[in-house]
Structures are given as structure tokens and as C-alpha cells.
Amino acid sequence: DTAVSQTPKYLVTQMGNDKSIKCEQNLGHDTMYWYKQDSKKFLKIMFSYNNKELIINETVPNRFSPKSPDKAHLNLHINSLELGDSAVYFCASSQAFEATEAFFGQGTRLTVV
Amino acid sequence: KQEVTQIPAALSVPEGENLVLNCSFTDSAIYNLQWFRQDPGKGLTSLLLIQSSQREQTSGRLNASLDKSSGRSTLYIAASQPGDSATYLCAVFNNAGNMLTFGGGTRLMVKP
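Let me begin by describing the structure that accompanies this report. None of these values were measured; they are calculated from a predicted model. (Residues numbered from 1 in each chain as written. Chains lettered and ligands numbered in written order. Predicted model: local features only at pLDDT ≥ 70, side-chain atom pairs only at ≥ 80, totals over all residues. Heavy atoms only, no water.)

What chain A contains, in helices and strands, is 0 helices and 11 strands. When the helices and strands of chain A are read in sequence order from the N terminus, they spell out β-β-β-β-β-β-β-β-β-β-β. The dimensions of chain A, computed from C-alpha atoms along their principal axes, are 40 × 30 × 25 Å. In chain A, which comprises 113 residues, the proportion classed as buried is 47%. (Helix = DSSP H or I, 4+ residues; strand = E, 2+ residues; numbered from the N terminus. Buried < 20%, exposed > 50% of the residue type's maximum accessible area, 1.4 Å probe, protein only.)

This brings us to the interface of chain A and chain B. With 24 residues of chain A in contact, the opposing surface of chain B contributes 22 residues. At the boundary of chain A with chain B, total buried surface from both sides reaches about 1800 Å², with 56% on carbon and sulfur atoms. Counting across the interface, chain A meets chain B through 0 salt bridges. Linking chain A with chain B are 5 residue pairs in polar contact (both at pLDDT 80 or more), by the criterion used here. (Contact = heavy atoms within 4.5 Å. Buried area = accessible area lost by both parts, 1.4 Å probe. Salt bridge = Lys/Arg side-chain N within 4 Å of Asp/Glu carboxyl O. Polar contact = N/O pair within 3.5 Å; in protein donor to acceptor, adjacent residues only side chain to side chain.)

Residue and element names in this part refer to chain A. Looking at the secondary structure, you find R63 in the loop between β6 (53-57) and β7 (64-70). Since its relative accessible area comes to 14%, R63 is described here as buried. Discounting residues that sit within four places of it in the chain, R63 has contacts with H77, I78, N79, S80, L81, E82 and D85.

This part covers the state of the cysteines. When the sulfur atoms of two cysteines share a covalent bond, that bond is a disulfide. All told, the structure shown has 2 disulfides over all chains when counted by the stated rule. In this model, A:C23 is linked to A:C91 through a disulfide, with the two sulfur atoms separated by 1.8 Å. Judged by the sign of its S-S torsion, about -75°, the cystine formed by A:C23 and A:C91 is left-handed. Taken as a pair, A:C23 in strand β3 (residues 19-25) and A:C91 in strand β9 (residues 87-94) lie far apart in primary sequence, 68 residues in all. Disulfide pairing is shown between B:C23 and B:C90; the S-S distance is 1.9 Å. (Disulfide = S-S within 2.5 Å.)

Here it is in C-alpha cells:
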């Protein structure tokens, strides 16, 4: 039973398109995150949501819009995709203010052509 | 702003060796530190979580230590095996930031 699941696993799309990545966690955590892993494999925080409220937005272009319909879901919508958006996007969750272990999804490899 | 550094960036050892991976962080105001493993093309697997009040955690052949005051953690892998080959990532959860900050990882290759 997967704890943090993301869909799709792979996404290939053309420049200028709009796409979404979905994330769901079944751990009962109150905080969810989106991280971006670039070509050099460095992981950087994009967004953090606690109880459906945005906590962190780390200088991410406003083409990226996270949406949290409930505590168990955090989706990432990307408008007007650019070549530089190609990366692996990871969703994660934790019980933030209790500083519990963070769990990550399997990642979504986005390729913009 | 928290910065996390991992040394070495890459490591190649023969099977059976004991090895140490290093992680340092600039801001000691952390809730916890977590070590992850990432296989090529895969997600992150949590290995060990050390709370800020703890000094070390052990799981099987893995032992992680934390010295919060000096901003350092080490991951010790005993009797390394080819199956240990992966990238090992260290991440700290900041008191104020409500997020994990990652190091750049150590890419480990264990040769048979």
C-alpha cells in the first residue's frame, strides 16, 4: 500500500503546454511538499502546504500553481511549460510540526520538448 | 539560510569495506536530520531519522550520528555490499522553515 503516490510517472510534452501532476498520501500527515530535482540531482523545495494552506513558496515562477483540495492531496499545475522545466518532481509528506519522518513519492519525470 | 553539504560527492569502494559518509549543515536550529537513499531513476527511500535530541540511530548495517552543536552528521555503512550502490542524501528539517533542506548527495559505488 503506497504511502505517497504521484501520477504520472513520466510526462513528455511540448513547450507552451499546460500540465498537472497529482499527489496523494495515505499517511494522515498534515504537511505536503513539492520538490524539484534538477539535472545535477540537487533537490530543492518548491512548495510546502500545511493543512491545505500554503506555507512556503520558494521563488518558484508563478507558472507553477499548487492546489491542495484536502490534506491528503497536493497537485501541481504548470502553465506554459518551458524547456527549463524539464526535471524530476517529487511530492512528499510529513507531520511537520512534530518533525516526523518525511516520505517521498516515486517522482514524476517531466520532459519538455 | 540553511545550507547542507555532503562530502565526498562520489565514493568507490571494494565490497566488504566499512565506510563513512559526511553531512554538514550551517544552522544548528533543526528539528531532525534524515538520511535517504536514491537509486538511479527512482524515488527517495528513508534510511534513518535522528531527532535533534538524539545522538545516533541504527538500522541493520547502518549507523547515523548527529552532533547538532557542530552541525555534523555521519552515516556509517558496515561491510558494504554491491547492493548498497546508490546516492545517499542527507536532509535537515529546520525549526523555522517547515521544510527539509537537502545536501547534494554522495554517489556510492561498491564493487564486487
